[in-house]
Each structure stands twice: as C-alpha cells, then as structure tokens.
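A structural walkthrough
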Amino acid sequence: MRKRAMTTTQASKKKKAGHINERHFAEIIGGEVVKGTHKNDVIDQQSNNHSVKGGRYWQIFLYRKSRLLTNTEFQGIGRVANLMVTCLDVFPEKRKDYEADKVYFKNLLRAPMRDLYEEIRKPNIFRELLSKAIFNGKEVDYLSILTPCMSNSLSVSEKRYHIFTRNDVVSLLSTHLEISNSRAIKKGDVPEQKVIFRYAGRNIGEIEIRNESDKHYKEMKWRFEACGVFALLDVLERFSLSKQIYVRGSARKTFSL
C-alpha cells in the first residue's frame with residue numbers, strides 16, 4: 001500500500017472532490033451538509049449523521065502530539081494515545097536532525113511501534129479505536145460510501161452510495177482485519193515502522209508517522225484503501241432505496257428516504 005505524499009495541489013483537489021461528494025449525497029437523500037472539520041459530513045432527514053467517503057484512499061485521522069494528549073476520549077482507549085505519543089517522541093524536534101540520520105531514528109521507532117501494535121491488536125481496544133477514529137464514538141451513525149474507484153468527475157445522477165451502520169462497520173472491521181507491524185520489503189528498509197491492517201491477503205490500511213516535510217512532521221496518520229474496505233463490507237446484504245442509494249445490512253431497518 002505504498003503511495004507518495006500528495007502535493008499541495010493534489011491535496012486541494014482531493015478536498016474539493018470530497019466536498020462535492022458530500023453535497024451530492026446530501027442532495028440525493030434530502031439532507032444537509034455539515035460545515036467544519038467534524039467526523040459528520042451530512043445530516044439526514046431523521047437527524048442522523050453520516051460520514052461520507054469517496055476516492056481511492058480515506059484519511060481516518062492525522063494527529064499531532066498535542067491532539068493525542070488533549071483528546072480525552074482518545075486517551076480513554078487503553079494505552080493507545082500514550083503509545084502513539086511515545087512513537088512521535090522518538091523523533092527530534094528539528095526535522096533537519098531527523099534528515100541527517102533517518103535510519104538511526106527509524107530503528108529507535110521499532111520498539112514503540114511494536115508496543116503500539118500489541119495494544120491495538122487487543123480485540124476490545126481495536127473495537128473502541130475503530131469507533132472513535134471513524135465515528136467519533138457515537139457522534140456519527142452511518143458510513144456512507146461512494147462506490148469505490150468511480151471517477152470524481154461523475155455527475156450527481158451517476159453516483160451510487162452505500163450506507164452502512166456504525167455497528168456493522170465496527171463489527172466487520174474488528175473481526176476480519178488482520179493486524180501486524182510492517183516488514184522490510186527491500187534492501188535498506190527498516191521493519192516495524194507502521195501498524196498494518198490486512199484483508200484477503202493484502203494491505204488495506206496503515207497507521208504511520210508522517211515526516212516528509214516541515215509542515216507534516218511528527219504526525220500520526222491512519223488511512224484506509226477504499227476498495228479494500230469496501231470489499232470487506234460488501235458481504236452485507238444490499239437493498240436499493242433508489243437508483244443511487246443502497247442500504248447495507250442493518251441500515252435497512254434504520255435509514256429511509
């Protein structure tokens with residue numbers, strides 16, 4: 001699941017595409033777009049919250065040390081937040097010092113990243129972490145996904161959205177994702193730099209530290225690959241509410257147009 005860091009222009013385009021999808025989804029279901037940077041993107045006619053996802057990759061979170069230390073709910077998930085802080089603290093305050101000897105600091109990261117993996121792999125911890133990271137606990141009710149790998153240039157009438165309940169998503173991901181540390185793939189790689197999430201024999205998610213620029217340095221990032229997550233969730237029965245809206249699994253009982 002290797003992918004180069006996006007340029008500022010690419011990030012801006014992706015953000016704009018996300019806003020367009022949110023607006024289109026709200027239009028289709030007769031809902032309202034939520035402004036700001038919260039986990040909920042759209043509120044439906046029943047006053048329930050949706051996190052709307054499109055594109056090839058989903059950023060679940062991007063946290064600096066200060067956010068990990070002050071987010072009380074995140075702090076309550078076992079030792080996860082504190083272990084993430086320990087991982088970030090491996091790196092020097094000045095990025096130029098890290099750049100001067102990357103391998104040294106990457107080797108220092110191995111032990112705390114192993115500890116983070118061991119904590120996350122605990123079933124009760126992983127369920128809590130998924131719920132908090134994706135749905136902000138119980139703030140968001142649904143994960144609503146634009147059919148993966150479809151072009152962002154589609155018109156609103158061409159888009160198809162799949163609505164999953166929070167409980168179905170957390171249950172399936174926590175049950176079927178395999179968790180491990182990253183390995184050294186080629187000569188020069190340093191192992192145990194990430195926590196990896198696998199399904200059907202391939203990596204579909206990772207928690208890693210961003211160090212690629214002065215702007216993005218010492219940041220803990222979690223992302224998923226859309227097609228991989230959708231393949232996992234796609235085992236749930238599908239019901240069509242319209243040409244563009246499908247409710248999946250238990251969402252059939254709770255969501256209506």
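My aim in this report is to walk through the structure given alongside it, one point at a time. (Residues numbered from 1 in each chain as written. Predicted model: local features only at pLDDT ≥ 70, side-chain atom pairs only at ≥ 80, totals over all residues. Heavy atoms only, no water.)

Here the focus is the overall build of the chain. The secondary structure content of the chain amounts to ten helices and twelve strands. For a compact globule of 257 residues, the expected C-alpha radius of gyration is about 18 Å, and the chain comes in at 19 Å, within 12% of that figure. Its C-alpha atoms put the chain at 55 × 40 × 35 Å along the principal axes. The proportion of buried residues among the 257 residues of the chain is 49%. Considering only contacts in the chain between residues 6 or more positions apart, those separated by 24 or more positions represent 61%. Counting every atom, the chain has about 13,300 Å² of accessible surface; 47% of that belongs to carbon and sulfur. The centroid of the 47 positive side-chain charges in the chain is displaced by 4 Å from the centroid of its 30 negative side-chain charges. (Helix = DSSP H or I, 4+ residues; strand = E, 2+ residues; numbered from the N terminus. Rg over C-alpha atoms; globule rule 2.2 N^0.38 Å. Buried < 20%, exposed > 50% of the residue type's maximum accessible area, 1.4 Å probe, protein only. Contact = heavy atoms within 4.5 Å. Areas by Shrake-Rupley, 256 points an atom, 1.4 Å probe, with all protein chains shown as cover. Lys, Arg positive; Asp, Glu negative; His and termini not counted. Charge placed at Lys NZ, Arg CZ, Asp CG, Glu CD.)

What follows deals with the sheet that holds strand 7 (residues 178-181). Taken together, five strands build an open sheet; the order of strands is 4-10-9-8-7 and the sheet is antiparallel. The open sheet terminates on both sides in strands that have one partner only, identified here as strand 4 (57-63) and strand 7. Adjacent strand axes in the sheet meet at a mean angle of 20° when their direction is disregarded. As paired strands, strand 4 and strand 10 (residues 219-225) are joined by six bridges and run antiparallel to one another. By the bridge assignment, tyrosine 57 is partnered in strand 10 with glutamate 225. (Pairing = 2+ DSSP bridges. Axes fitted to C-alpha atoms, helices over the stretch in contact; angles between N-to-C directions.)

Structurally, asparagine 21 can be placed in helix 1 (residues 8-29). Within polar-contact distance, the side chain of asparagine 21 engages the side chain of lysine 159 at 2.5 Å. (Polar contact = N/O pair within 3.5 Å; in protein donor to acceptor, adjacent residues only side chain to side chain.)

Within the structure shown, the criterion is met by 15 aromatic pairs. On the numbers, 6.3 Å between centres and 85° between planes, the contact of phenylalanine 164 with phenylalanine 230 is edge-to-face. Of the two residues, phenylalanine 164 sits in strand 6 (residues 161-165) while phenylalanine 230 sits in helix 9 (residues 226-233), which places them 66 residues apart along the sequence. According to the relative accessible area criterion, phenylalanine 164 is buried, its value standing at 0%. Through a chain of ring-to-ring contacts, three or more aromatic side chains come together here, namely Phe61, Tyr63, Phe74, Phe126, Phe197, Trp222 and Phe224. Directly above the ring of tyrosine 57 sits arginine 223, whose terminal nitrogen or CZ lies 4.5 Å from the centroid. For arginine 252, the ring lying beneath its charged end belongs to phenylalanine 239, and the centroid distance is 3.8 Å. (Phe/Tyr/Trp six-rings, centres within 6.5 Å; stacked < 30°, edge-to-face > 60°. Lys NZ or Arg CZ within 6 Å of the ring centre and 35° of its normal.)

This paragraph deals with the side chain of histidine 50. Summarising the element assignment, histidine 50 is placed in strand 3 (residues 49-53). In terms of polar contacts, histidine 50 uses its side chain to reach the side chain of aspartate 44, at 2.8 Å. The residues contacting histidine 50, other than those within four sequence positions of it, are Phe25, Ile29, Lys39, Asn40, Asp41, Val42, Asp44, Val140, Tyr142, Ser144, Ile163 and Phe255.

Take unusual backbone geometry next. For serine 47, which is not a glycine, the phi torsion comes out positive at approximately 65°. Looking at where serine 47 falls in the secondary structure, it is placed in the loop between strand 2 (42-43) and strand 3. Not every positive phi belongs to a glycine, and lysine 218 is a case in point at roughly 55°. With respect to the helices and strands, the residue lysine 218 is situated in the loop between strand 9 (202-210) and strand 10. Residue classification places lysine 218 among the buried residues on the basis of a relative accessible area of 12%.

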